There are 2 protein chains.
Amino acid sequence: MANDPNTQDLALVDRYWRAANYLSVGQIYLMDNPLLRETLKAEHVKPRLLGHWGTTPGLNFIYAHLNRIIRERDAEILYICGPGHGGPGMVANTYLEGTYSEIYPEIGEDEAGLKELFRQFSFPGGIPSHAAPETPGSIHEGGELGYALVHAYGAAFDNPGLVVACVVGDGEAETGPLAAAWHSNKFLSPVCDGTVLPILHLNGYKIANPTVLARLPDEELAHLFKGYGYDPIFVEGQEPQAMHRDMAAALDIAFDRIAAIRAAAKADPARRPRWPMIVLRSPKGWTGPKEVDGKMVEGHWRSHQVPVSECRSNAGHRDILEAWMRSYEPDDLFDASGRLKPELRALAPKGERRMGATRHANGGALRKELRTPDINDYAVAVDDPGSMDAQATKVLGDYLRDVIRLNAAENNFRVFGPDETASNRLGSVFEATDRVWMADTLSTDDHLAPQGRVMEVLSEHLCQGWLEGYLLTGRHGFFSCYEAFIHIVDSMFNQHAKWLKVARELPWRKPVSSLNYLLTSHVWRQDHNGFSHQDPGFVDLVANKGADIVRVYLPPDANTLLWVGDHCLKTWNRINVIVAGKQPAPQWLTMAEAVHHCEAGIGIWDWAGTEEGLSPDIVMACAGDVPTMETLAAVALLREALPHLRVRVVNVVDLMALQSPHHHPHGLPDADFDRIFTRDRPVVFAYHGYPYLIHRLVYKRTNHPNFHVRGFIEKGTTTTPFDMAVMNELDRYHLAIEAIERLPVPGERSVSMVDALKGKLAEHHAYVREFGEDMPEIRDWKWPHPRP
Amino acid sequence: MANDPNTQDLALVDRYWRAANYLSVGQIYLMDNPLLRETLKAEHVKPRLLGHWGTTPGLNFIYAHLNRIIRERDAEILYICGPGHGGPGMVANTYLEGTYSEIYPEIGEDEAGLKELFRQFSFPGGIPSHAAPETPGSIHEGGELGYALVHAYGAAFDNPGLVVACVVGDGEAETGPLAAAWHSNKFLSPVCDGTVLPILHLNGYKIANPTVLARLPDEELAHLFKGYGYDPIFVEGQEPQAMHRDMAAALDIAFDRIAAIRAAAKADPARRPRWPMIVLRSPKGWTGPKEVDGKMVEGHWRSHQVPVSECRSNAGHRDILEAWMRSYEPDDLFDASGRLKPELRALAPKGERRMGATRHANGGALRKELRTPDINDYAVAVDDPGSMDAQATKVLGDYLRDVIRLNAAENNFRVFGPDETASNRLGSVFEATDRVWMADTLSTDDHLAPQGRVMEVLSEHLCQGWLEGYLLTGRHGFFSCYEAFIHIVDSMFNQHAKWLKVARELPWRKPVSSLNYLLTSHVWRQDHNGFSHQDPGFVDLVANKGADIVRVYLPPDANTLLWVGDHCLKTWNRINVIVAGKQPAPQWLTMAEAVHHCEAGIGIWDWAGTEEGLSPDIVMACAGDVPTMETLAAVALLREALPHLRVRVVNVVDLMALQSPHHHPHGLPDADFDRIFTRDRPVVFAYHGYPYLIHRLVYKRTNHPNFHVRGFIEKGTTTTPFDMAVMNELDRYHLAIEAIERLPVPGERSVSMVDALKGKLAEHHAYVREFGEDMPEIRDWKWPHPRP
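Residues numbered from 1 in each chain as written. Chains lettered and ligands numbered in written order. Predicted model: local features only at pLDDT ≥ 70, side-chain atom pairs only at ≥ 80, totals over all residues. Heavy atoms only, no water.

Caption draft 1: Geometry of the relation of the copies chain A and chain B. For the pair chain A and chain B, the relating rotation is 180 degrees, the translation along its axis is 0.0 Å, and the fit reaches an RMSD of 0.0 Å. The symmetry that links the two subunits is that of a two-fold axis. Among all residues of chain A, the one whose C-alpha sits closest to the rotation axis is A:Gly176, at a distance of 2.0 Å. With an isologous cut-off of 70% or more, the 100% of interface residues of chain A that recur at the interface of chain B puts this contact in the isologous class. (Least-squares fit on C-alpha atoms with pLDDT ≥ 70 in both. Contact = heavy atoms within 4.5 Å.)

Caption draft 2: View of the environment of A:Gly82. With respect to the element layout, A:Gly82 can be found in the loop between strand 1 (76–81) and helix 3 (87–96). Those residues in contact with A:Gly82 that lie beyond four places of it in its chain are A:His140, A:Leu145, A:Ala148, A:Val167 and A:Glu172. (Helix = DSSP H or I, 4+ residues; strand = E, 2+ residues; numbered from the N terminus.)

Caption draft 3: Structural detail: the packing of helix 6 (residues 148–156) of chain A against helix 13 (residues 460–472) of chain A. Residues and elements named next belong to chain A. Relative orientation of the contacting elements helix 6 and helix 13 amounts to 50 degrees, with a least axis distance of 6 Å. Here helix 6 lies oblique to helix 13, going by the angle between them. For the crossing formed where helix 6 meets helix 13, the hand is right-handed. The segment helix 6 lies against helix 13, with Val150, His151, Tyr153, Gly154 and Ala155 engaging His461, Leu462, Gly465, Trp466, Glu468, Gly469 and Tyr470. Grouping the amino acids of the contact of helix 6 with helix 13 by side-chain chemistry returns 6 nonpolar, 5 polar and 1 charged. (Axes fitted to C-alpha atoms, helices over the stretch in contact; angles between N-to-C directions. Parallel < 35°, antiparallel > 145°, perpendicular 65-115°, else oblique. Left-handed = near helix turned anticlockwise from the far one by under 90°. Nonpolar A, V, L, I, M, F, W, Y, C, P; charged D, E, K, R; others polar.)

Caption draft 4: Seen up close, the sheet that holds strand 1 of chain A. All names here are of chain A. With parallel pairing, 5 strands are arranged side by side in an open sheet as 1-2-3-5-4. Each edge of the sheet is formed by a strand with only one pairing partner; in this case those strands are strand 1 and strand 4 (230–236). On average, each strand axis in the sheet is tilted by 20 degrees relative to the strand beside it, whichever way the strands run. When strand 2 (residues 162–169) meets strand 3 (residues 195–202), the two strands line up parallel, connected through 7 bridges. If you follow Gly169 over to strand 3, its bridge partner there is His201. Sheet contacts for helix 6: strand 1, strand 2, strand 3 and strand 4; angle to strand 2, the most-contacted strand, approximately 175 degrees. Helix 9 (residues 240–267) rests against strand 1, strand 2, strand 3, strand 4 and strand 5 (275–281) of the sheet, and its axis sits at about 165 degrees to strand 5. (Pairing = 2+ DSSP bridges.)

Caption draft 5: Main features of the domain arrangement of chain A. All names here are of chain A. Each domain of chain A was delimited in the assignment, giving domain 1 (7–358), domain 2 (383–585) and domain 3 (601–779). Computed over C-alpha atoms only, the centres of domain 2 and domain 3 are separated by 28 Å. Every contact between the two is made by 31 residues of domain 2 and, on the other side, 37 residues of domain 3. Buried area between domain 2 and domain 3, summed over both chains or domains, comes out near 2,800 Å², and the portion from carbon and sulfur atoms is 67%. Broken down residue by residue, the surface that domain 2 buries against domain 3 is led by Trp524, Leu554 and Pro556, which jointly contribute 29%. Taken together, the links from domain 2 to domain 3 amount to 0 salt bridges. Applying the counting rule to domain 2 against domain 3 returns 14 residue pairs in polar contact (both at pLDDT 80 or more). Listing elements by their share of the side of domain 2 that touches domain 3, those giving two or more residues are helix 15 (538–543) and strand 15 (550–553). A total of 4 residues in the side of domain 2 that touches domain 3 trace back to one element, the largest contributor, which is strand 15. Taken together, the residues of the side of domain 2 that touches domain 3 sort by class into 17 nonpolar, 8 polar and 6 charged. (Domains from an automatic or database assignment. Buried area = accessible area lost by both parts, 1.4 Å probe. Salt bridge = Lys/Arg side-chain N within 4 Å of Asp/Glu carboxyl O. Polar contact = N/O pair within 3.5 Å; in protein donor to acceptor, adjacent residues only side chain to side chain.)

Caption draft 6: Main features of the nonpolar core. In this structure, A:Leu658, A:Phe677, A:Phe685, B:Leu658, B:Phe677 and B:Phe685 are the most contacted members of the largest nonpolar core, which totals 218 residues. Filtering out sequence-adjacent residues up to four positions away, B:Leu658 remains in contact with B:Ile602, B:Val652, B:Phe673, B:Phe677, B:Phe685, B:Ile694, B:Leu697, B:Val698 and B:Arg701. Judged by nonpolar contacts, the second largest core, of 131 residues, contains A:Ala594, A:Leu743, B:Leu49 and B:Met325. (Core = buried A, V, L, I, M, F, W, Y, C linked by side-chain atoms within 4.5 Å. Buried < 20%, exposed > 50% of the residue type's maximum accessible area, 1.4 Å probe, protein only.)

Caption draft 7: Geometry of the interface of chain A and chain B. Between chain A and chain B, the contact holds 116 residues from the first and 116 residues from the second. Buried area between chain A and chain B, summed over both chains or domains, comes out near 9,600 Å², and the portion from carbon and sulfur atoms is 56%. For the chain A face of the interface with chain B, the top three residues by lost area are A:Arg48, A:Arg215 and A:Leu458, together amounting to 7%. Taken together, the connections running from chain A to chain B amount to 12 salt bridges. Salt-bridge contacts for A:Lys545 lead to B:Asp535; the nearest nitrogen and oxygen are separated by 3.1 Å. Our count for the contact surface shared by chain A and chain B stands at 56 residue pairs in polar contact (both at pLDDT 80 or more). Counting only elements with at least two residues in the side of chain A that touches chain B, the list comes to helix 7 (176–181), helix 8 (218–227), helix 14 (490–504), helix 15, helix 20 (692–698) and helix 23 (748–771) of chain A.

Caption draft 8: Examining the environment of B:Ala756 more closely. Residues and elements named next belong to chain B. Here Ala756 is to be found in helix 23 (residues 748–771). Residue Ala756 is classed as partly exposed on the basis of its relative accessible area of 45%. Sequence separation between Ala756 and Tyr733 is 23 residues, and the spatial gap between their C-alpha atoms is 9.3 Å.

Caption draft 9: The arrangement of the pairing of strand 5 of chain A in detail. Residues and elements named next belong to chain A. Among the 7 residues of strand 5, 7 are classified as buried, and the element is accordingly described as predominantly covered. Both faces of strand 5 are covered, namely the face carrying Trp275, Met277, Val279 and Arg281 and the face carrying Pro276, Ile278 and Leu280. Relative to strand 5, strand 3 runs parallel, the two being bridged by 4 bridges. Within the sheet, the bridge partner assigned to His201 lies in strand 5 and is Leu280. Pairing between strand 4 and strand 5: 7 bridges, direction parallel. Following the sheet pairing, Phe234 is matched in strand 5 by Val279. Between the parallel pair strand 4 and strand 5, the chain is carried across by helix 9, and the sense of this crossover is right-handed. (Right-handed = clockwise from strand over helix to strand, strands pointing away.)

Pasting the structure below:
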């Protein structure tokens, strides 16, 4: 199907490219005189010149050629702009094709619109200098680098009609996440998924350095990308006419190969194809000033940002700018009104085929509600609280299995995890599906298939990035991870939260499904893997984000986890963090109680306390499964030794309920908070993570001075589960001791009880060091009180 | 120099390997009967079986063969154990070579020692299941995966005599940081640096999945590693005799090539060599049980952890374990006393050539004090406070340039940064050195050389990992990074902090230099790059770590930054975080004042306040350069409008001074804190980062209820610098308004002043949106009061 585009066609493409370049320069520099209808004056130039030219002409070049392919083949293409600060190019192109003015009518297709288009760029109240939520056609922020390719693959999964053209900058290509993402082709089915066409853009330089890949010989690059499983096509040069010809040919070859691969895959769907990719070598700052103040600019890192910088104060600089902009011949591109000339406008695809208008980049517009089963069908029967054990994540796994089944026809739900789905006890999902796998297989393999719904790779970066790309294109997902290692994607979490915050403020962006984390194999049950695996701090990072975006849930048992998991999957435009254990643990609440408790987010567990309608002497609060168990065990000790003590037990599922409603929509009103935690009684709070977070959340509450929080205090090693709690003084004995010591008037019985508890701690210490496991009375402990 | 090891030699190597495998299995399973002198009984087996067999036989195989090379060539080798949970192998080998008992004399080389060696593994009070600080010969924790190769390169820099043999697991190889780290060979000089010999160990499986690389054909792997710039040697199989022969030959070839490369490099030092690497394919759980309960174990992921698990309760399982252990023929390996037989002991290298005993793995033992210049030589002359501007990081850059010069002979100091050294205004270092670069160069390049002291790559992971490896082998370094993107290495920071915490508790581990971060291009001056570049939350993560490890400094100007930078470079076993700006900004303190202020960490700036020896009406506190400037500007407004108001100005450089001394050694005693912040006056605190952190640090202080903290509240975009402060209500107008509103009895003048300030905010708002820059009175603002 490759046809040779004729010289005339390519001359039009060149003019279109010039138009995009012109608009890009205009955005960086001008606040007036957008069509250069008069000689450029100082006051036409923005006072602060911000923006990045270097990468832009290459991005525009690619965009123009993809437009040609779309028109010729009726291809559906999503453009991922990997290089940072490529904003001017993305804005210019979506403006030229008409999308921009449709979305932002105040930026019309005329001279006034151009003026505003230029002015708003990198301007207060305007738009950022990189592709961002504001940019039509974008699902990928060009700020922090490294995630272009992994987002591209996320977008392609389960989108068989889509080609994701992913421009990877050679700076970005040095990052770890990007380097790993090339291997995503081992997880992409040529039958069920779309195509990712990576375009590695070697413009040679970062901010102030050459790039590694640009300084490798072609032979070495060819090895590298063949080794990554691709079939690279090289396009290299700087003379525009030759480059247009070569790029058009390269794209024709690539699209022909893609068509051939997809056709062949129907016969042999498990065979991994060698997908094409393009290596494009072109000068940084291509078509910009060759030299400024005697220094090389085009083809050098000096073109990274603003190639000529004193255009308001230095007439010589301004002349360079004007000559540069006029070199694109604006009068040849725009008509008298400032509108793109019709023969150029005709080069843009139509309607949703325009890359700025594809609904895949506004995934909420494509999103279908996830079908979920009734959580009651998975409920653990809890007769007396704490009377039996269950594995919370195992129960959730059964539920997720059926989510997969219910949405099998839509192919719009995937489960992600770094090789830990089974380890995290979600293995039931393999009753409904397989792990995605396109590399070689052996007869001894277990649940590997090209079109599985479970994505496992030993890279939290890939899991997170794939999921982000999948969600932003309108689908649903669930990410389970060891709690400690989720910090690997702290920065990706940050960036996704930022994306959501901005996207929520744009009416044209439709809501996308929430990003749901299950953090399990958590700090208290990493006793066997040791200190390196023990870190509950991700929640602290999450709590810094805007209250409209984040939620943190700490369900204490299986039924509460079911409610929380089900709830999170039904939300949108949020990031939900669920922390829950995978080990057999006591079950506290019936399903009905769990629903009631979780809907409130926080509650008094009457059945566990002894206040009997009276004001409590002490509040024992807890958040998290292990802290809940230890708190209840402490309460059991107190009830036995001090039967007249009035104890209240409070459990927190929704951590944000602790904040003031001024800070978070889930925050309890002060009156309710005071009712639960009292205004003046000691509160011993056992928390799953770093204790400071609780102080930070409640410091404005009336009773805060009486809050005594225990949590993880960086004491960790390889030991027993209960010893982890003891080391961090979060265990039942320490909690009971603290409770007694916080009482205003500890009686004689209290003093002897403290001695007994300290004896228990010594006994524990000796036992674990002799036998390497916890005392039977700890392992076999059950809450001793039947339901009242 | 390659000589063919004879069959007899290799038979001895095989016995040595069997000994290591035997000890590895023993550690996982036994607490008694270590030499199987009697039939295995239930009580000999640990009650909780924890540990990982799968990777271990391969690690032992490599170790035994490296021992042979060391003996034959007198090579100096550091072994980096990349695969997680390879602890049993590392412990077994360092025990066999005698290092373990030298460091831990309680684990002797006899039966009693063996029993304790076995018992302590993954046992409470014992040692972790992966290579860790406790492991002799290790600089690399086997917990979180991805950093083996980058640590290896960090260790090799400036160590020309050293070969770092780096075993990369095929699980780990899927991570981003590892995928990027292969390119480190573009930064390694064959003249000035040592050698990294990567050994990619394809045992085929992760926890419950095949690995990607193991399921690629050799041809594709060869492409990949040639593309990464290596010359791969393949060793594949499972029959021990053939594998010994092939591995010995591969190592001989590799070491011959290394010798040839190093010899050739003397003539052509800028030519990038193709270093050898080894791809070793061997079965997971090699030599372990073939099958358990009818399921394949050897060569399958089922051998990942404990291949046969019910050895206490299930006699059949115990029989499998006993047969497995006896297959190594312990009586052929250990003498009657339990000591390794002499012909095997002779296979271990001697003294510090033993990989467990190399001082490179205990870098503090090799560390030489860094020479530093006198900071007074770089001091900015400050006549009246705030009367002139300077660029703080530029001044520090001059100092760093001279640190490089002073230590040039030792070659033991490097500066790291993701392509941002010049952008962060540390460019003066290029007067003394170059950027390290071994890829191709052009005539237009700027300061690239094989042996530069500045390491730049667009990967925070590589910068961090190289620096960690460099520090842990006894050298010094400095990492400058954009503040927002340091989150990329949150998890690496975590793991390094964990390493330091444990290493500090081991008397045999000598102190290593601190890891020093300069976070610049910070949130308040990322106005031009926008929201994606704005995040001050790294400090929150840091504050969760142990107080003995972390320090956070917020110097408000150049002279304080000089003191802080100099101080941090002289510390050890810590992680120092410095947050400072790179833009021209007011200078407040003379060098003498800066020294005094920084030594205290916090102080009252008498010259700025108006309390004149009386008790203040209000405390205006600040931490960070922009908050300090805005606070002083607010104070200037207050002084002008309300001349009778008694204002105290407090500046915090050392954030940890705010904590209670109970929590941090730098914490101010309560009496001092109360003296500075008063016990009852309102405190308006302008903080660089998220305001919650200040509450978290001071919630136990007397005056905490009167603290009103402002900081970054997730309001960001592309705008002007001052508008960033306004958006987050940290600017002079909001601070002054808050101060007035917090006064107990605001007078009439106050009310009218608030109106005036609100007018100023409106004026600012209109101005920036019209002109795109801040009002001249903001840009040109100077502190109006001369030094008293």
